[in-house]
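A closer look at the structure
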Amino acid sequence: WEFNGSFYQPSAFLMMGIPGLEALHPWISIPFCALYLTALLGNCVILFIIRKTQSLHEPMYYFLSMLAVTDLGLALCTLPTTLGLFWFNVRRIGFDACLTQMYFIHILSFIESSVLLAMAFDRFVAISHPLRHPSILTKTTVLKIGLAIVLRGMVSLLPIPFLLKRLTYCGKTELSHSFCFHPDIMNLACADIKVNVFYGMVILLSTVGMDFIFIVLSYILIIRTVVSLTTRDECLKALNTCVSHICAVLVFFIPMIGLSMIHRFGKDVPPLVNTVVAYTYLIIPPALNPVIYSIKSAHMREALLRALRRKRA
């Protein structure tokens, strides 16, 4: 679009795959397909098992259901453009379609961060106040927490597409990834992007940054409670209930922090490193989370085995 000869927005952007390995994209798509298939099937199985197993109808597994839905959304957001590029070399994505994909990717990322915080709070209450746990985290309370998480993500990120639409772009249309990411789009503009940078940093620090800080604080309080337990077996049993959640937190936050740092301060970082971190951030957590919880949670494992036995019978 052109307006008064000065305002310009491209009709579309061109997505990039893995730099330097374009000829190998069909082969590279194989592990990506495996990861997407694991994410879709794994999270659907988690949701099915929790829905069908009455003993899993408790706060920990309600939050796990929220995490599974969020992971499904993240996988479905990037799957069409990523596999479309690797399989058919479809690099073009419309300007508005790109902003829409970016909005949902960021919303779902923020929701996942908040769900992980809610799960940390659930573990803290379950370990520190086990007798009050059912009365503190009732079904109604869990539902209210879920709605607050979704509303926080939607409202806080609502200005981002409009802040990008007001910018003038310089004719450069190549994105760094096979999906749309706010810093990536913003850096293609030839206008002043200070407002975008400032708002992006404020929102990131006040949501994901605060979530991470409160998760760390929750585990400090959990460790204090566990240390005060009388026997070693009680300590190990209490900590064992947190292992899956700690793994999920590390799998999500480490690549997310790495990608944010690269986009803001890593101008000299090789494009391949940027690409690998981005794919790790968006594809690995949805694929690994159901595997982590299926392996580490005895209740989930038993419910899954019961469901498989019933199916065979």
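Residues numbered from 1 in each chain as written. Predicted model: local features only at pLDDT ≥ 70, side-chain atom pairs only at ≥ 80, totals over all residues. Heavy atoms only, no water.

- Taking an unreviewed UniProt entry as the reference, the protein is identified by name as Olfactory receptor belonging to Notiomystis cincta.
- Per UniProt, the protein carries the Sequence similarities (unreviewed entry) text "Belongs to the G-protein coupled receptor 1 family." (UniProt positions renumbered as here; feature names shortened; annotations may be inferred.)

**Brief notes about the pattern of salt bridges**
- Counted under the stated rule, the structure contains four salt bridges.
- Of the charged contacts, one joins arginine 91 and glutamate 174 as a salt bridge, the two residues approaching to 3.1 Å between their closest N and O atoms. On the criterion of sequence distance, the pair formed by arginine 91 in the loop between α2 (59–88) and β4 (92–94) and glutamate 174 in the loop between α6 (159–165) and α7 (182–186) is long-range, its members being 83 residues apart.
- The exposure class assigned to arginine 91 is partly exposed, which follows from its relative accessible area of 25%.
- The exposure class assigned to glutamate 174 is partly exposed, which follows from its relative accessible area of 44%.
- Among the salt bridges present, the one from aspartate 96 reaches lysine 165, with a minimum N-O distance of 3.0 Å. (Salt bridge = Lys/Arg side-chain N within 4 Å of Asp/Glu carboxyl O. Helix = DSSP H or I, 4+ residues; strand = E, 2+ residues; numbered from the N terminus. Buried < 20%, exposed > 50% of the residue type's maximum accessible area, 1.4 Å probe, protein only.)

**Remarks on the nonpolar core**
- Counting 86 residues, the largest nonpolar core has Phe13, Phe32, Leu64, Leu116, Leu164, Tyr169 and Ile185 as the members making the most contacts within it.
- In terms of residue count, helix α3 (residues 95–128) provides more of this core than any other element does, 18 residues in total. (Core = buried A, V, L, I, M, F, W, Y, C linked by side-chain atoms within 4.5 Å.)

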